[in-house]
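Overview (structure and organization)
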Amino acid sequence: MGTNQQANLVRVLIERLRAHAELGDLTQAKRIAQTAVAATRRAAEKHNEGGPQMIDALRALANVHVREGDLSIALSNYQEALKISTGNQYVSRLQVAVLKADYATALDAVGD
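A quick note: this is a predicted structure, and the numbers were derived from the prediction, not measured.

Rules of the game
Per chain, the residues get numbers from 1 upward, laid out in the order the sequence is written. Under the rules for a predicted model, residues below a pLDDT of 70 receive no local features and side-chain atom pairs below 80 are neither given nor counted, while totals for whole chains, interfaces and linings still include all residues. Side-chain figures throughout are based on the complete set of non-hydrogen atoms in the structure, without hydrogens or water. What counts as a helix is a DSSP run of H or I of at least four residues, what counts as a strand is a run of E of at least two, and both are numbered from the N terminus. With the radius of gyration taken over C-alpha atoms, the globule rule is written as 2.2 Å times the number of residues to the power 0.38. Exposure categories follow from relative accessible area, calculated using a 1.4 Å probe and restricted to protein chains: below 20% of the type maximum is buried, above 50% is exposed, and the middle band is partly exposed. Note on contacts: a residue pair is in contact if any heavy atoms of the two residues lie within 4.5 Å. Salt bridges are counted wherever a side-chain nitrogen of Lys or Arg sits within 4 Å of a carboxyl oxygen of Asp or Glu. Every helix has an expected span of 1.5 Å times one less than the residues it contains. Every definition here rests on a 1 Å grid over the protein atoms only: cavities are sets of points where a 1.4 Å probe fits but cannot get out, pockets are open sets enclosed by protein on both sides within 12 Å along at least five of seven lines, and lining residues have some atom within 4 Å of a point. Grid points are joined across faces, edges and corners, and a volume is the space filled by probe spheres set on the points. Residue classes follow a fixed rule: Ala, Val, Leu, Ile, Met, Phe, Trp, Tyr, Cys and Pro count as nonpolar, while Asp, Glu, Lys and Arg count as charged, and any other residue, Gly among them, counts as polar. What makes a nonpolar core is a set of buried Ala, Val, Leu, Ile, Met, Phe, Trp, Tyr and Cys residues whose side-chain atoms join them at distances within 4.5 Å. For this analysis, a polar contact is any N or O atom pair within 3.5 Å, provided that within protein one partner can donate a hydrogen and the other can accept it, and provided that sequence-adjacent residues contribute only side-chain to side-chain pairs.

1. Observations concerning the overall build of the protein
For the protein, the count of helices and strands is 5 helices and 0 strands. On C-alpha atoms alone, the protein measures out to a radius of gyration of 13 Å, which is about the 13 Å that the 2.2 N^0.38 rule sets for 112 residues. For the protein, the spread of C-alpha atoms along the principal axes amounts to about 40 × 30 × 20 Å. Counting all 112 residues of the protein, 41% fall into the buried class. Residue pairs at least 24 apart in sequence account for 60% of intrachain contacts in the protein once pairs closer than 6 positions are excluded.

As structure tokens, this is what we get:
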């Protein structure tokens, strides 16, 4: 699958998981996020260009875990996404900033 196709797939999956999350169906949202992570992981292993999609998928999965109150898994997802972002020329500064903001919010919640 090409990078553009992969990006479109991830975009659609994230839209679907957000819709489920907004309806309170976190189980389905998590399944969709896990599917997105699995798909992007395969692509990212072959091409560094898949990093942004992998980060988006991991961030979406982490956000579902935060909503479920499972902060340790969410933090692990955020950390993996941050690791992928390091040195990846395809990842934008904005994407990293949003990721770091979500990570900081989850870290703050752990302290509560």
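2. Comments concerning the pattern of salt bridges
Oppositely charged side chains may form a pair once their charged atoms are brought near each other. Under the criterion given, the structure shown has 3 salt bridges. Across the pair Glu68 and Lys30 runs a salt bridge, and its minimum N-O distance is 3.2 Å. Placement of the pair is Glu68 in helix α3 (residues 51-68) and Lys30 in helix α2 (residues 26-46), with a sequence separation of 38 residues. Judged by its relative accessible area of 33%, Glu68 is partly exposed. Taking relative accessible area as the criterion, Lys30 reaches 22% and is therefore assigned partly exposed. With a closest N to O distance of 2.5 Å, Arg41 and Glu80 form a salt bridge. Of this pair, Arg41 sits in helix α2 while Glu80 is found in helix α4 (residues 71-85), placing the two residues 39 residues apart along the sequence.

3. Brief notes about α2
Along its 21 residues, α2 runs 30 Å from first to last C-alpha, staying within 8% of the 30 Å computed at 1.5 Å per residue. Here α2 has its buried residues at Leu26, Ala29, Ile32, Ala33, Ala36, Val37, Ala39, Thr40 and Ala43.

4. With respect to the layout of surface pockets
Taken as a whole, the second largest pocket encloses approximately 160 Å³ of empty space. Around the second largest pocket, the lining residues are Ile14, Leu17, Arg18, Ala21, Asp56, Arg59, Ala60, Asn63, Val64 and Arg67. Looking at which element gives the most residues to the lining of the second largest pocket, the answer is α3, with 6 residues. By residue class, the composition of the lining of the second largest pocket is 5 nonpolar, 1 polar and 4 charged.

5. Regarding the nonpolar core
Grouped together as the largest cluster of nonpolar side chains are 29 residues, with contacts concentrated most on Leu17, Val37, Tyr78 and Leu99. Elements that contribute at least two residues to this core include exactly α1 (3-22), α2, α3, α4 and α5 (93-111). In terms of residues, this core owes the most to one element, α3, which gives 8 residues. Other than its neighbours up to four places away in sequence, Leu17 contacts Ala29, Ile32, Ala33, Ala60 and Val64.

6. Thoughts on the side chain of Ser85
Relative to the assigned elements, Ser85 resides in helix α4. Overall, Ser85 belongs to the buried group, its relative accessible area being 11%. Among the polar contacts made by the side chain of Ser85, one reaches the main-chain carbonyl oxygen of Leu82 at a distance of 2.7 Å. Residue contacts for Ser85: discarding those within four places in its chain leaves Ile55, Val91 and Val96.

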